[in-house]
Amino acid sequence: MSNPKDYTVGWICAIATEYVAAQAFLDVKHEGLEYVSPNDNNDYTLGKSGKHNVVIAVLPEGEYGISSAASVARDMLHTFPNIRIGLMVGIGGGAPSPKHDIRLGDIVVSVPRDGKGGVFQYDFGKTIQDQSFRPTGFLNQPPMVLRTAVNGLKAQYESEGHQLEQAINSILEKKSRLRKKYQRPGSNSDRLYQTEVIHPTNNEVNCVVICSEDPSNLIPRHQRAEDEDNPAIHYGLIASANRLMKDALLRDKFAKENDVLCFEMEAAGLMNQFPCLVIRGICDYSDTHKNKEWQGYAAMAAAAYAKDLLYRIPPNKVEVESRISDLLSSG
């Protein structure tokens, strides 16, 4: 059976789709645990990615948000005392703008920008009349070993391109049962609607039918050139809160005022309790046109990036990091 003390990388997923993608990118799966702390309610998958022993956990079914993510991270540290770096990997809603050409299936990586640590908690602050929203809390930035690896991988991709699409397809060739849900949807399903076009409330009819593909309803975007990376990787600020972002007006406001690239619901619960890097595959545009068509592929893209990142980090660089449990106990 696996020894909990051998694991140094903690990987957290919010939903089962992300959990499946994370497991698919392990090089080796390990046997389960014989003993789990009585204070630990998590489900785990153990394995190896590159030269790192990785433990993957998922939030309980039906539970989402900041407090649930914090609880999973806390429980993980009860059973795996030697976790030194963390990853939060999964899906998120994109915030495309004239500055950032974010498409479905792209990847957003949380890195510090403009004095913010990489994750921005947009429901914790104060609103003052005639002024923009002011956040009042501060979230830690990812550990240096992860930020350094991000820059190294960024340079590698810029020089050589990436093989993320090929890595995903290789897994789907071996695991045929995943193809229907996790392969890349057709590019014609990637539609960015004008802000004022709203999908009718409680109407599950496909957007093509009910919102139409009238060009006047869509924001025109060029087709990516063959020499452009696809999926593209974006580095910057991820907005996190306990509420699901389905408002194109608010999305555009935060993108303009704070240069936000992505919205999600868990990371703000981790940054000060479980120092980690947040990696999100874009599955929708944070508006009323949300659907699940791109979730599987987006989760695979984020997991593929996370694996490449771990391959850039030598094990001894992780071993010299402080244990997260020690950081928390020392304040």
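Rules used throughout
- Residues numbered from 1 in each chain as written.
- Predicted model: local features only at pLDDT ≥ 70, side-chain atom pairs only at ≥ 80, totals over all residues.
- Heavy atoms only, no water.
- Helix = DSSP H or I, 4+ residues; strand = E, 2+ residues; numbered from the N terminus.
- Rg over C-alpha atoms; globule rule 2.2 N^0.38 Å.
- Buried < 20%, exposed > 50% of the residue type's maximum accessible area, 1.4 Å probe, protein only.
- Contact = heavy atoms within 4.5 Å.
- Areas by Shrake-Rupley, 256 points an atom, 1.4 Å probe, with all protein chains shown as cover.
- Patch = residues over 30% accessible without salt bridge, like charges linked within 9 Å, V, L, I, M, F, W, Y side chains within 5 Å.
- Salt bridge = Lys/Arg side-chain N within 4 Å of Asp/Glu carboxyl O.
- Lys, Arg positive; Asp, Glu negative; His and termini not counted.
- Charge placed at Lys NZ, Arg CZ, Asp CG, Glu CD.
- Core = buried A, V, L, I, M, F, W, Y, C linked by side-chain atoms within 4.5 Å.
- pLDDT = per-residue confidence, 0-100.
- Arc of directions from axis to C-beta.
- Phe/Tyr/Trp six-rings, centres within 6.5 Å; stacked < 30°, edge-to-face > 60°.
- Lys NZ or Arg CZ within 6 Å of the ring centre and 35° of its normal.
- Expected span 1.5 Å × (residues − 1).

1. Topic: the overall build of the chain
Piece 1. Counting its regular elements, the chain contains ten helices and twelve strands.
Piece 2. Over its C-alpha atoms the chain spans a radius of gyration of 19 Å, differing by no more than 12% from the 20 Å that the globule rule assigns to 331 residues.
Piece 3. Its C-alpha atoms put the chain at 60 × 55 × 40 Å along the principal axes.
Piece 4. The buried share of the chain, taken over its 331 residues, is 54%.
Piece 5. Considering only intrachain contacts with a sequence separation of at least 6, the fraction spanning at least 24 residues in the chain is 78%.
Piece 6. Total accessible area on the chain is roughly 15,900 Å²; 47% of this is exposed by carbon and sulfur atoms.

2. As for a negative patch on the surface
Piece 1. A contiguous patch of negative charge on the surface is contributed by Glu226, Asp227, Glu228 and Asp229.
Piece 2. Here glutamate 228 is to be found in the loop between α6 (207-210) and β10 (233-240).

3. Here's the deal with unusual backbone geometry
Piece 1. Omega for the peptide link from asparagine 230 to proline 231 comes to 10 degrees, which places this bond in the cis form.
Piece 2. Topologically, proline 231 is positioned in the loop between α6 and β10.
Piece 3. The phi dihedral of aspartate 259 falls on the positive side, at around 60 degrees, and the residue is not glycine.
Piece 4. Along the chain, the position of aspartate 259 falls in the loop between α7 (248-258) and β11 (260-264).

4. Side note on the nonpolar core
Piece 1. Membership of the largest hydrophobic core comes to 89 residues, with the highest contact counts inside it found for Trp11, Leu87, Phe274 and Tyr305.
Piece 2. Considering every element that reaches this core, the biggest residue donor is helix α8 (residues 295-311), with twelve residues.
Piece 3. Look past the residues within four positions of tryptophan 11 in its chain and what remains in contact with it is Ala22, Val54, Val55, Ile56, Ala57, Met76, Leu87, Val89, Ala303, Ala306 and Leu310.
Piece 4. Among the nonpolar cores identified, the runner-up in size contains eleven residues, and Phe120, Tyr122, Ala241 and Ala255 belong to it.

5. Let's talk about the pattern of salt bridges
Piece 1. In total, this model carries twelve salt bridges according to the counting rule given.
Piece 2. Two residues, arginine 221 and aspartate 190, come together in a salt bridge whose shortest N-O distance is 3.0 Å. Taken together, the residues span a long stretch of sequence, with arginine 221 in the loop between α6 and β10 and aspartate 190 in the loop between α5 (179-182) and α6 at a distance of 31 residues.
Piece 3. Given the relative accessible area of 16%, aspartate 190 is considered buried.
Piece 4. Arginine 323 serves as the salt-bridge partner of aspartate 326, at 3.0 Å between the closest nitrogen and oxygen.
Piece 5. Judged by relative accessible area, arginine 323 falls into the partly exposed class, the value being 25%.
Piece 6. Each of the salt bridges in this network shares a partner with another, and the network as a whole consists of Glu18, Glu264, Glu266 and Arg280.

6. As for the confidence of the model for the chain
Piece 1. Considering every residue of the chain, the mean pLDDT works out to 89; 91% of them sit at 70 or more.
Piece 2. Overall, residues 126-131 carries pLDDT values under 50, and its contacts beyond four positions in sequence, including any with other chains, amount to six contacts.

7. What to know about α7
Piece 1. Every buried residue belonging to α7 is among Ala248, Arg251, Phe254, Ala255 and Asn258, and all of these are buried. Looking down the long axis of α7, one finds its buried residues gathered within 135 degrees of arc, a one-sided arrangement. Facing away from the buried side of α7, by more than 90 degrees, are the exposed residues Leu249 and Lys256.
Piece 2. Residues of α7 that are buried in the fold lie against β5 (85-94), β7 (119-121), β10 and β11.
Piece 3. Positive backbone phi, approximately 60 degrees, marks aspartate 259, located one or two places after α7.

8. Notes on the packing of aromatic side chains
Piece 1. Summed over all chains, the structure comprises eight aromatic pairs.
Piece 2. With centroids separated by 5.8 Å and ring planes inclined at 85 degrees, the aromatic side chains of tyrosine 7 and phenylalanine 80 adopt a geometry described as edge-to-face. Note that tyrosine 7 is positioned in the segment before β1 (9-13) and phenylalanine 80 in the loop between α2 (66-79) and β5, a separation of 73 residues in sequence. When sorted by exposure, tyrosine 7 lands in the same class as phenylalanine 80, which is buried.
Piece 3. Plain terms: the ring middles of tryptophan 294 and tyrosine 297 are 6.1 Å apart, the flat faces sit at 85 degrees to each other, and that makes the pair edge-to-face.
Piece 4. You can call tryptophan 294 buried: its relative accessible area is 2%.
Piece 5. Exposure remark for tyrosine 297: the relative accessible area of 0% places this residue in the buried category.
Piece 6. Residue placement shows lysine 154 over the ring face of tyrosine 235; its charged tip is 4.9 Å from the ring centre.

9. Things to note about helix α3 (residues 144-160)
Structurally, the α-helix is built with 3.6 residues per turn, so residues lying three or four positions apart point the same way.
Piece 1. If you check α3, its first and last C-alpha atoms are 24 Å apart, about what 17 residues at 1.5 Å a residue would give, namely 24 Å.
Piece 2. Listed as buried for α3 are Val145, Leu146, Ala149, Val150, Gly152, Leu153 and Tyr157.
Piece 3. Downstream of α3 by one or two residues, glycine 161 has phi in the positive range, about 75 degrees.

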